[in-house]
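Close look at the chain arrangement
This is what each chain is made of:
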Amino acid sequence: MSIRTGRLPAHLTVAYALLTVYACLFPFTGWRDIGTSPFVFLTLPWPRWFTWTDTIFNVLGYIPLGFVFSSALRQHQRGWRAVLIVTLACGLFSLCIEAVQNYLPTRVASNIDLLSNTLGAFIGAVMGVRWGRVFDEHGALERWRQRRFHRGHIGELGMVLIALWWLTLLEPSNILFGNGDLRPIFNLPAPLAFSVKRYVVLEAAVVATQILAVGLVVRRTMREPAMGVLAVVFAIGLCVKMIATSAFVRPPVPLEWASPGALRGIAVGFALLALTWRLPNWAQHTLASVSLLCATALVNLAPENPFDWDNLSLIQQGNFLNFHGLTTVAASSWPFFALAYLTAQGALASRRAMR
C-alpha cells in the first residue's frame, strides 16, 4: 500500500539539523589549523573527563532528529531499511560536525559524542518507524493540521515557526516571551539605567506586545480562528518556561518569570489579542508585523534587572552551555523569522489575488 507523507517532517528535519549545527559550532570564532587529520579523535582512548550527563544529553539531542527524519522517509523507505538509512545518515552528520569542531578552540571532538549521537538517532528512527504515521496524509496529526492550519508550505512553515517559538522559551534568563533581544549577540550594554518603576513598565510592555505579536502570528498560520489552539500554544509556552527555570538554573525557581510586570503584561496582552482576534486578515497581518517590531524595540530598550539573578546561576555543564547558546540565538532571531514568514504569506496572497 502506498504511503503519502506530508512535508512537515521534512521541514522539521532541515530545521532541527540547522539548529544542531549552530548549537555544536557556536560561537563560530577562533578558527585554527590543527596540523593533523580532523578525524584523529576516532582512535583516541576513553576520555579522561567523562560524564554520563553529557552522554545522555547527546543521546536525547539526536532522538528528535532521528524521529522526524525517519518519518520524512516513510513514503519511500520503511521498516529496518529506514532505520539503517537514518542511523547512517545521522551518524555521518555527527561525524562531520565533530570533525569541524577540531578547528574551534572552544570545542572538543569526541568519539563518545559520535557514538551517543548515533545511538540517539537510532532510537529516534525506531520511534519514527513505529509512530511516524502521525505525519501521513491521513494520519492524526496531518488531519488535524489540514483542518486547523493553512495547507501547503505556508501552513507547515507556520507550525515550524511555532515550534521554534517554544524552543526560544527554553532560554531561562529572558523576560517572559522577550524575544528579539540582540544585545547578547553583539555584546551591547543596556541603553537605559535600571530603576524599579522603569523596569516594571517596560517589562509589562514587552510581555503585552509579545503576546499580541505571537498570538496574531499564530492566527495567521490558521485557516479559521480557534481560541482553543491559541490557548494550547501559550499553555505549552508557559510550561516550557517553567521547565527552563526549573532545570537550567540553580536553585530552581519554576515561577521566576511571574514578576509583577510580567503578570500585568499578560493581562494587557491577552485583552488586546481578544480585541483583535477577529479583525480582517489584512488588518491582522499589518498589526502582527507592527507588534513584532514594537516588541523587538522594547526588549532591546529594557534595562537589565540586577535582582533577578542575584541568587541564580545557569548550570555549567558543557552540553547545556551549547544548548544555551542555541536558545539565545533562537530567541534573538525569532521575530525576524516571523516577519519573513508574514512577508512571504502576504506576497503569496497578493500573487493569488492577481490571478
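Please refer to the structure higher up on the page.
No experiment lies behind these values; they were computed from the predicted model shown.

Calculation notes
- Counting from 1, residues in each chain are numbered in the order their sequence is written.
- At least 70 in pLDDT is required for a residue's local features to be given in this predicted model, at least 80 for side-chain atom pairs to be given and counted, and no such filter applies to totals for whole chains, interfaces and linings, which use all residues.
- Hydrogen atoms and water are omitted, and side-chain values are computed over all heavy atoms in the structure.
- What counts as a helix is a DSSP run of H or I of at least four residues, what counts as a strand is a run of E of at least two, and both are numbered from the N terminus.
- Exposure categories follow from relative accessible area, calculated using a 1.4 Å probe and restricted to protein chains: below 20% of the type maximum is buried, above 50% is exposed, and the middle band is partly exposed.
- Any two residues having at least one pair of non-hydrogen atoms within 4.5 Å are treated as being in contact.
- Each accessible area is a Shrake-Rupley estimate made with a 1.4 Å probe; only the visible protein chains count as cover when residues are assessed.
- Orientation is described by axes fitted as lines to C-alpha atoms, over the contacting stretch for helices, and by angles from 0 to 180 degrees between their N-to-C directions.
- These descriptions rest on fixed angle ranges, namely under 35 degrees for roughly parallel, over 145 for roughly antiparallel, 65 to 115 for roughly perpendicular, and the rest for oblique.
- Crossing chirality is assigned from the near helix's rotation relative to the far helix, an anticlockwise turn below a right angle marking it left-handed and a clockwise turn marking it right-handed.
- Polarity classes work like this: nonpolar for Ala, Val, Leu, Ile, Met, Phe, Trp, Tyr, Cys and Pro, charged for Asp, Glu, Lys and Arg, and polar for all others, with Gly in that last group.
- Throughout, nonpolar core names a set of buried Ala, Val, Leu, Ile, Met, Phe, Trp, Tyr and Cys residues whose side chains join them through atoms within 4.5 Å.
- In this scheme, a helix's expected span is set at 1.5 Å multiplied by one less than its residue total.
- Just to be clear on terms, a salt bridge is a Lys or Arg side-chain nitrogen sitting within 4 Å of an Asp or Glu carboxyl oxygen.
- Patch membership needs two things, relative accessible area over 30% and no salt bridge, and members are linked within 9 Å if like-charged or within 5 Å if nonpolar (Val, Leu, Ile, Met, Phe, Trp, Tyr).

With that settled, consider the overall build of the protein. Each helix and strand in the protein was counted, giving 12 helices and 2 strands. Helices and strands appear in the protein in the N-to-C order α-α-α-α-α-α-α-α-α-β-α-α-β-α. Buried residues in the protein amount to 48% of all 355 residues. The long-range fraction of contacts in the protein, counting pairs at least 24 apart against all pairs at least 6 apart in sequence, stands at 84%. Entry remark: accessible area of the protein is about 18000 Å², with carbon and sulfur atoms responsible for 69%.

Orientation of helix α6 (residues 152-168) relative to helix α8 (residues 196-221), taken along the N-to-C sense of each, is 155°, at an axis distance of 9 Å. Between α6 and α8, the angle is such that the two are roughly antiparallel. In the crossing of α6 with α8, the sense of the turn from one axis to the other is left-handed. For the pair α6 and α8, the contacting residues are Gly158, Leu161, Ile162 and Trp165 in the first and Val214, Val217, Val218 and Thr221 in the second. Split by residue class, the contact of α6 with α8 holds 6 nonpolar, 2 polar and no charged.

This part is about the nonpolar core. Soluble globular proteins tend to bury their nonpolar side chains together. Counting residues in each nonpolar core, the largest one holds 53 residues, and the members touching the most others are Trp165, Phe177, Val207, Phe234, Leu273, Leu292 and Trp334. Put simply, the parts of the chain that give this core at least two residues each are α2 (52-72), α6, α8, α9 (227-247), α10 (260-276), α11 (281-301) and α12 (318-354). No other element matches α8, which puts 11 residues into this core. With sequence-adjacent residues up to four places away left out, Trp165 is seen in contact with Phe177, Asn179, Val214, Val233, Phe234, Gly237 and Trp334. With 13 residues, the next largest nonpolar core counts Ala17, Tyr62, Leu65 and Ala121 among its residues.

With that settled, consider the side chain of Thr20. Along the chain, Thr20 falls in helix α1 (residues 8-25). We classify Thr20 as buried; its relative accessible area is 10%.

Moving on, we get to α2. A rise of 1.5 Å per residue sets the reference length of α2, with its 21 residues, at 30 Å; its end C-alpha atoms lie 31 Å apart and thus fit the reference within 8%. Here α2 has its buried residues at Thr55, Asn58, Val59, Tyr62, Ile63, Leu65, Gly66, Phe67, Val68, Ser70 and Ser71.

So, about the side chain of Thr296. The residue Thr296 is located in helix α11 in this model. The exposure class of Thr296 is buried, given its relative accessible area of 11%. Setting aside chain neighbours within four positions, we find Thr296 in contact with Asn179, Gly180, Pro335 and Phe336.

Turning our attention to the pattern of salt bridges. Counted under the stated rule, the structure contains 1 salt bridge. Arg183 is the salt-bridge partner of Asp181, the closest N and O atoms lying 2.9 Å from each other. Arg183 gets classed as buried once you look at its relative accessible area, which sits at 11%.

Before going further, it helps to spend a moment on a nonpolar patch on the surface. Taken together, the side chains of Trp80, Leu119, Phe122, Ile123 and Val126 present a nonpolar region at the surface, about 460 Å² in accessible area. The dominant element in the nonpolar patch, judged by the number of residues it contributes, is helix α4 (residues 111-131), at 4 residues. In this fold, Ile123 is placed in helix α4.

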